[in-house]
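A look at the structure
Here's the letter readout for the chains.
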Amino acid sequence: MPITQIVIFGASGDLTARKLIPALVGNARAGSLEGEIQVIGVSRSSRTSEAWRDELARWLPDSDLPVWRALAPHVHYIAGSVLSADFLAGLSAKLDDLAAGENPGRLFYLALKPTLFAPVVEGLSAAGMIQCPPGAEEGWRRVVVEKPFGTDLQTAMALNRVLLSHLREDQIFRIDHYLGKETVQNILAFRFQNAIFEPLWSREHVESVEISVCEEVGMEGGRGGYYDTAGALRDMVQNHVLQVLALIAMEPPASMAADAVRSEKVKVLSSLRIPSPAEVARDVVRGQYLASEARVSGYLQEQGVPDGSDTETYVAIRAGIDNWRWSGVPFFLRTGKCMHQRYTEVILNFRVPPVDLLNGPVQGAACAMRPNSLHLLIQPHEQIRLGFLVKQPGPGTMMRPAMLKFDYRDIQTEPTAPAYQRLLLDAIEGNATLFIRGDETEAAWRFADAIREGWQAPGADPIHGYHAGSMGPAAADALFRGCEGTWGRGS
Ligand SMILES: NC(=O)c1ccc[n+]([C@@H]2O[C@H](COP(=O)([O-])OP(=O)(O)OC[C@H]3O[C@@H](n4cnc5c(N)ncnc54)[C@H](OP(=O)(O)O)[C@@H]3O)[C@@H](O)[C@H]2O)c1
């Protein structure tokens, strides 16, 4: 029976307890794990394996405890610092002991603060713990790297350089948990397993695309200190929003193999128009939430946020993709904290018919009504809605909007597996399709960095306040021009 050893660095941390162990248990419950799984948790604080198992069990629902009891004897805790060469040498020997003469595959999960990613990989490499031949079925070595991957292009490139001097790209699994969401993966399935939408999926028929990732929460759980070092652009746009954009805008891949999909995503991310400072001032709106009836504290009053911080909690961008499929089509991107609703949605707005045959041009009407749009609602509930016009019954030629709607809940018998469950399984199985390649993350940073540079340039648009619980700053409405419409309002 093959053995897989999952070595979690950062064993006592929040991510391990809240996401990784429940993901592992979810996979065990679903019967997805092959062979024997051993979990080895590492962090500096001292505790026994029994104590660690008890701590982790507290985060699991009662219904998962029988599965956990079966896994628990294979769950071990080892205290030590990943920065110590001696500790890593000892760890290597302990992993071999646990393998009892077998040649297990090893997944090293870096659930650590990002400044430790490079030193750990250097240490593991020096200890001879991550070397393996390409395509190894047994004795493979993989490293999962958490987000954030760098804080800008320079730091991302530096981290990629370190990783790639000790690992091959096929051993590196950079996580963006958004790609583990069933509903995000369905974007590709919807686009490429149906024949009727793809012919419309281009500048010829699409007038604009909107991607909104709206959150209702603010700095709950004392996140203010961390968040203030990131902001909405780095925390959400550079990764999640641009990943959704890549899936919406990419060309059909040659196959679903990791490199085929990721090469297409890189192509589209590299075609994002890099805005000049003047274009940032015109095409990007940043905001910060204010106290309102919905919330007693504004961002500046949140715990951990420095006085006078100008970190954005909202950003809206009118982006452009300079390639044959999308040239001239604005992509409206938006994300924010403390907004009116929590939802993630993609809307394709189709062009208006060239002639209004039934009613002719309406005198004085500024813009023709836009009859057709396709809404892909990603969360909280997955829905697909196609809007069109029908004739109002009766003698006249009045038109009224109608909607075809599909709700995933209608065909779903089981709750969707959490994103980490799918991603952990893929990493164990060596399937990197839903993980980010090094060049992808760099292309996304190039775009995000240009926006941040624009915010620091003379003449930059100031940060706009918006009331918590609202749709964000009114200034973001002006990113839509002429007859382009406005932001979707959620469900
Ligand atoms: N939490 C989330 O929901 C979440 C979501 C997305 C991404 N992430 C990313 O996941 C990573 C971990 O986040 P987290 O929230 O779990 O952080 P955390 O709660 O602060 O945990 C950090 C862990 O690292 C350990 N550690 C620190 N220095 C160490 C060293 N030198 N050697 C060994 N272990 C060491 C800590 O334990 P000791 O102090 O005992 O050593 C602790 O177990 C971060 O990169 C974060 O950005 C987290």
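As a starting point, this report considers the structure included with it.

Moving on: empty space enclosed by the protein. One pass over the full model with this rule turns up four cavities of 30 Å³ or more. By volume, the largest cavity amounts to about 160 Å³. The wall of the largest cavity is formed by 15 residues, among which Phe149, Gln238, Asn239, Ile436 and Thr441 lie closest to the centre. When contributions to the lining of the largest cavity are tallied by element, the ones reaching two or more residues are helix H9 (231–249) and helix H13 (438–456). Of the volumes computed, that of the second largest cavity is approximately 80 Å³. If you trace the second largest cavity, you find it lined by Arg273, Pro275, Glu279, Arg282, Asp283, Ile317, Arg318, Ala319, Gly320, Phe447 and Ile451. Of all the secondary structure elements, the ones that give two or more residues to the lining of the second largest cavity are helix H11 (277–283), strand E9 (314–319) and H13. Taken together, the residues of the lining of the second largest cavity sort by class into five nonpolar, one polar and five charged.

Next up on the list: the sheet that holds strand E2 (residues 36–43). The parallel open sheet is built from six strands, whose spatial order is E3-E2-E1-E4-E5-E6. Of all the strands in the sheet, just strand E3 (75–79) and strand E6 (172–174) have a single pairing partner and so form its edges. The mean inter-strand angle of the sheet, taken between neighbouring strand axes irrespective of direction, is 20°. Bridging between strand E1 (residues 3–9) and strand E4 (residues 105–110) involves six bridges; their strand directions are parallel. Counterpart to isoleucine 6 in the pairing with E4 is leucine 107. Lying over the sheet, helix H4 (residues 85–99) contacts E1, E2, E3 and E4, oriented at roughly 150° with respect to E1.

What follows deals with the pairing of strand E8 (residues 284–290). Each regular strand displays side chains that alternate between the two surfaces of the sheet. A large share of E8 lies buried, amounting to six of its seven residues. For E8 and E9, the ladder comprises four bridges, and the chain directions are antiparallel. The partner of valine 284 across the bridge, within E9, is isoleucine 317.

Here we take up the side chain of glutamine 243. Tracing the backbone shows glutamine 243 in helix H9. Taking the relative accessible area as the measure of exposure, glutamine 243 reaches 5% and is therefore buried. Those residues in contact with glutamine 243, other than ones at most four positions away along the chain, are Asp176, Leu179, Lys265, Ile436 and Glu440.

On to the pattern of salt bridges, then. Under the counting rule described, the total for this entry stands at 28 salt bridges. A salt bridge links arginine 174 to glutamate 169, with the nearest nitrogen and oxygen atoms 2.7 Å apart. Under the relative-accessibility criterion, arginine 174 is labelled buried at 2%. Between arginine 325 and glutamate 198 there is a salt bridge, with its nearest N and O atoms 2.9 Å apart. Note that arginine 325 is positioned in the loop between E9 and strand E10 (331–336) and glutamate 198 in the loop between helix H7 (182–192) and strand E7 (206–214), a separation of 127 residues in sequence. Judged on exposure class, the residue arginine 325 and its partner glutamate 198 are both buried. Salt bridges sharing partners connect three or more residues here, namely Arg191, Glu198, Glu251 and Arg325.

What follows deals with the nonpolar core. Within the largest apolar cluster, 145 residues are counted, with the highest numbers of intra-cluster contacts made by Phe9, Leu91, Val209, Ile317 and Phe331. Of all the elements, H9 adds the most residues to this core, at twelve residues. Here this core spans two domains, and each of domain 1 (3–146) and domain 2 (179–417 + 436–479) adds at least three residues to it. Leaving out residues up to four positions away in the same chain, valine 209 has contacts with Ile248, Trp326, Val329, Pro330, Phe331, Phe332, Val346, Ile347 and Leu348.

Moving on: the site of the ligand. The ligand sits among 22 residues. The nearest are Ser12, Asp14, Arg44, Ser45 and Leu112. With respect to the ligand, the side chain of serine 12 contributes an N or O atom lying 2.7 Å from an oxygen atom. Take serine 81: an N or O atom from its side chain is 3.1 Å from a nitrogen atom of the ligand. Against a free-state accessible area of 890 Å², the protein chains account for coverage of 75% of the ligand. Examining the composition of the shell around the ligand, we find that three residues originate from one element, helix H1 (residues 14–29), more than from any other. Of the residues belonging to the shell around the ligand, the class tally is ten nonpolar, seven polar and five charged.

Thresholds, definitions, all that
- Residues numbered from 1 in each chain as written.
- Predicted model: local features only at pLDDT ≥ 70, side-chain atom pairs only at ≥ 80, totals over all residues.
- Heavy atoms only, no water.
- 1 Å grid on protein atoms, 1.4 Å probe; cavity = no way out; pocket = protein on both sides within 12 Å on 5 of 7 lines; lining within 4 Å.
- Points joined across faces, edges and corners; volume = space filled by probe spheres on them.
- Helix = DSSP H or I, 4+ residues; strand = E, 2+ residues; numbered from the N terminus.
- Nonpolar A, V, L, I, M, F, W, Y, C, P; charged D, E, K, R; others polar.
- Pairing = 2+ DSSP bridges.
- Axes fitted to C-alpha atoms, helices over the stretch in contact; angles between N-to-C directions.
- Contact = heavy atoms within 4.5 Å.
- Buried < 20%, exposed > 50% of the residue type's maximum accessible area, 1.4 Å probe, protein only.
- Salt bridge = Lys/Arg side-chain N within 4 Å of Asp/Glu carboxyl O.
- Core = buried A, V, L, I, M, F, W, Y, C linked by side-chain atoms within 4.5 Å.
- Domains from an automatic or database assignment.
- Near = heavy atom within 4 Å.
- Polar contact = N/O pair within 3.5 Å; in protein donor to acceptor, adjacent residues only side chain to side chain.
- Areas by Shrake-Rupley, 256 points an atom, 1.4 Å probe, with all protein chains shown as cover.

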